[in-house]
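Observations on the model geometry
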Amino acid sequence: MTFAPVTHSVLLILNPTAGRRRRGLVDAVVRCVRDAGWTVDVVETQSAGDARRLAETCDATRYGVVAVAGGDGTINEVVNGLAARAATAPPLALVPLGTANVLAHELGLGSGAASLAEAMMAGREVLMHPGQASDTGAPRCFSLMAGAGFDAKVVAGVTAPLKRRWGKGAYVWRSLVEARRYRPVRYAVAIDGERYEAASVIVTHARHYAGPYVVAPAASLGEPLLHVCLFERWGWMQALRFGAALVRGVLPRTSGYRVVSGHEVGISVLNDAGESRRQPVQIDGDDALSLPVTIRVSADAVRLLRPA
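Definitions and limits used
- Residues numbered from 1 in each chain as written.
- Predicted model: local features only at pLDDT ≥ 70, side-chain atom pairs only at ≥ 80, totals over all residues.
- Heavy atoms only, no water.
- Helix = DSSP H or I, 4+ residues; strand = E, 2+ residues; numbered from the N terminus.
- Buried < 20%, exposed > 50% of the residue type's maximum accessible area, 1.4 Å probe, protein only.
- Contact = heavy atoms within 4.5 Å.
- Areas by Shrake-Rupley, 256 points an atom, 1.4 Å probe, with all protein chains shown as cover.
- Lys, Arg positive; Asp, Glu negative; His and termini not counted.
- Charge placed at Lys NZ, Arg CZ, Asp CG, Glu CD.
- Pairing = 2+ DSSP bridges.
- Axes fitted to C-alpha atoms, helices over the stretch in contact; angles between N-to-C directions.
- Phe/Tyr/Trp six-rings, centres within 6.5 Å; stacked < 30°, edge-to-face > 60°.
- Lys NZ or Arg CZ within 6 Å of the ring centre and 35° of its normal.
- Patch = residues over 30% accessible without salt bridge, like charges linked within 9 Å, V, L, I, M, F, W, Y side chains within 5 Å.
- Salt bridge = Lys/Arg side-chain N within 4 Å of Asp/Glu carboxyl O.
- Polar contact = N/O pair within 3.5 Å; in protein donor to acceptor, adjacent residues only side chain to side chain.
- Right-handed = clockwise from strand over helix to strand, strands pointing away.

Assigned secondary structure in the protein chain consists of nine helices and 20 strands. In terms of overall dimensions, the protein chain has C-alpha extents of about 60 × 40 × 35 Å along its principal axes. Buried residues in the protein chain amount to 51% of all 308 residues. In the protein chain, the share of contacts with a sequence separation of at least 24, taken over all contacts with a separation of at least 6, comes to 78%. In the structure as shown, the protein chain presents an accessible area of about 13200 Å², 51% of it carried by carbon and sulfur atoms. Side chains of the protein chain give 34 positive and 27 negative charges; the mean places of these two sets differ by 8 Å.

Right under this line is the structure:
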């Protein structure tokens, strides 16, 4: 459905760190939107939490669109802010700048300024019910996925300076580090009351992971359903085998891997294999929570804009 903006005005939330190398793209998108007669107010974030606060408090009578220029972590903040407003929130448009840009792949966004501006002004709405994960604190929404096990440990080990310097290479390096220190930790996964075991788990309602790679072929942002990706074989060689299958585009057909759909998921440690460290949970590519967690579909929805 093509959306009808309340006003021809955009609040663009910019992460200046993510946009340092691609500021030219942001400026070009802004020019395209302004040349079409729209108003664009650009606000830069200064610290963690700013993007969420700006999305949650922006004036919906003034801005017809909230746009975010940043990576998946910044987008996650904005999604959390908009989800807190539910029906009063403007739709969300993206100017993808980060390392993986998974949500941009999911929405089929182009990489050119003109196409991004067109989606922002005359795109088609997708009504997305975010996932919602909670440990011992307040629930946190995710637009893409939550993960526990190997991928969460990789994410937890990639610092912000390392990611800025090496980009995707930081994750490759950390994957090798985690493979070397691998312990066969076993996770208990409950999906709508049915119990499973896995060496690693990704809970998603997106098809893609780590950029253009497909993990859940049947998933859809517009469907209020979670897809639980279970990596059922243990060992560092198995972890690297799954990673190679992901890059080659054959993971959904790889032995020892399956996807189970459901509405409520619980993940806990069944056997820590002597691994005394914290068991992290990554959310949209950021180290966010610790096991055990409960994950469900949020009752609140966020409107996303994709190409018409």
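Another point: the sheet that holds strand S6 (residues 131-134). Paired through backbone hydrogen bonds, the strands of a sheet run either parallel or antiparallel to each other. Taken in spatial order, the six strands make up an open sheet running S7-S6-S19-S16-S9-S10, and their pairing is antiparallel. Across the chains shown, the open sheet's two edge strands, defined by having one partner strand only, are strand S7 (140-142) and strand S10 (194-198). Strand-to-strand twist across the sheet, computed as the mean angle between neighbouring axes with direction ignored, equals 25°. Bridge analysis of strand S16 (residues 264-271) against strand S19 (residues 293-297) gives four bridges, and the strand direction is antiparallel.

Across all of its chains, the model carries three aromatic pairs by this definition. Between tryptophan 166 and tryptophan 173, the ring centres sit 6.0 Å apart and the planes meet at 90°, which makes this aromatic pair edge-to-face. Taking relative accessible area as the criterion, tryptophan 173 reaches 37% and is therefore assigned partly exposed. Following the ring pairs from residue to residue traces out a cluster consisting of Phe231, Phe242 and Tyr257. Over the face of the ring belonging to phenylalanine 242 we find arginine 241, whose NZ or CZ atom lies 5.0 Å from the ring centre.

This paragraph deals with the sheet that holds strand S14 (residues 226-231). One open sheet holds the six strands; their spatial order is S15-S14-S11-S8-S17-S18, and the pairing between them is antiparallel. Lying at the two open borders of the sheet, with one neighbouring strand each, are strand S15 (257-262) and strand S18 (286-290). On average, each strand axis in the sheet is tilted by 25° relative to the strand beside it, whichever way the strands run. On the sheet, helix H6 (residues 150-157) packs against strand S8 (145-148), strand S11 (200-204), strand S17 (280-283) and S18 and is oriented at approximately 80° with respect to S17.

Before going further, it helps to examine a nonpolar patch on the surface. Taken together, the side chains of Val172, Leu176, Trp236, Met237 and Leu240 define a hydrophobic patch exposed on the protein surface, amounting to about 530 Å² of accessible area. Sorting the residues of the nonpolar patch by element identifies helix H8 (169-180) and helix H9 (236-248) as the ones contributing at least two each. Per-element accounting of the nonpolar patch gives the leading share, three residues, to H9. By the secondary structure assignment, methionine 237 is in helix H9. By relative accessible area, methionine 237 is classed as exposed at 60%.

Now for the side chain of threonine 254. Position of threonine 254 among the secondary structure elements: in the loop between H9 and S15. With a relative accessible area of 11%, threonine 254 lands in the buried category. Within the local environment of threonine 254, its side chain forms a polar contact with the backbone oxygen of valine 250, the two atoms lying 2.9 Å apart. With residues up to four places along the chain from it excluded, the contact list for threonine 254 reads Arg241, Phe242 and Ala245.

Another point: the pairing of strand S3 (residues 65-70). Across the six residues that make up S3, a large majority, six, are buried. Residues of S3 alternate between two faces, with Val65, Ala67 and Ala69 on one and Val66, Val68 and Gly70 on the opposite face, all of them buried. In the sheet, strand S1 (residues 9-14) pairs with S3 via five bridges, with the strands oriented parallel. Looking at the pairing, isoleucine 13 lines up with valine 68 of S3. With five bridges joining them, S3 and strand S4 (residues 92-96) adopt parallel strand pairing. Bridge pairing in S4 links alanine 67 to alanine 93. Handedness of the β-α-β unit built from S3, helix H3 (residues 72-85) and S4 comes out right-handed.

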